[in-house]
Amino acid sequence: MGESENSRKEAAAKIIAAPGKFKICESCGSIVVKKADVCPNCNAYRFDASSAAVIAQAELLAARAPLSVEHEDYN
Ligand SMILES: [Zn+2]
C-alpha cells in the first residue's frame, strides 16, 4: 500500500511549504518544530533554522527509504 511512504511525503511537503516553522538539529539532522527548545531525538540544542537547510532536509526525508519493518508486511 505504501501508506507510510505517502504520509512521509505529505509531511515533507508540509515542511517544504512552511520551512519557517521548522529547524534542523545540527547533531542528528532531525527536522523539529521551531518552538522546540531541544531536539526530541537526541536532546541537542543547536539548530540550523535557515529555510534552505529545512527544505533540503525535508527533500532528503521524502526520498529516503523507509527504515521500519512495514515492508515485511507487504512482501
Ligand atoms: Zn537531534
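Whatever comes next refers back to the structure up there.
So, here's what we can say about the structure. Model, not experiment: these values are computed from the prediction.

Glancing now at the environment of Lys9. With respect to the element layout, Lys9 can be found in helix α1 (residues 3-17). For the pair Lys9 and Glu59, spaced 50 residues apart in the sequence, the C-alpha separation amounts to 8.6 Å.

The 3 strands lie next to each other as β2-β1-β3, forming an open sheet whose pairing is antiparallel. Two strands in the sheet have a free side with no partner beyond their single neighbour: β2 (31-33) and β3 (47-48). Pairing geometry for strand β1 (residues 22-25) and β3, over 2 bridges, is antiparallel. Paired with Cys25 across the bridge in β3 is Phe47.

Among the nonpolar cores identified, the biggest contains 10 residues, and these are Ala12, Ile15, Phe22, Ile24, Cys25, Ile31, Cys39, Phe47, Val54 and Ala58. Only α1, β1 and α2 (51-63) provide two or more residues apiece to this core. No other element matches the 3 residues that β1 contributes to this core. Every residue in contact with Ala58, bar those within four places of it in the chain, is listed here: Ala12, Ile15, Ile16 and Ile31.

By the secondary structure assignment, Ala58 is in helix α2. By the C-beta count within 10 Å, which is 22 here, Ala58 ends up buried. Sequence-wise, Ala58 and Ala13 are 45 residues apart; in three dimensions their C-alpha atoms are separated by 7.6 Å.

Right, let's talk about the pairing of β1 for a bit. In terms of strand pairing, β1 meets β2 through 3 bridges, oriented antiparallel. Within β2, the residue paired with Ile24 across the bridge is Ile31. Counting the residues between successive antiparallel strands, the hairpin from β1 to β2 contains 5 residues, one of them, Gly29, with a positive phi of roughly 85°.

Criteria and cut-off values
Residues numbered from 1 in each chain as written. Predicted model: local features only at pLDDT ≥ 70, side-chain atom pairs only at ≥ 80, totals over all residues. Helix = DSSP H or I, 4+ residues; strand = E, 2+ residues; numbered from the N terminus. Pairing = 2+ DSSP bridges. Core = buried A, V, L, I, M, F, W, Y, C linked by C-beta atoms within 7 Å. Buried ≥ 20, exposed ≤ 12 C-beta atoms within 10 Å, placed from the backbone. Contact = placed C-beta atoms within 7 Å.

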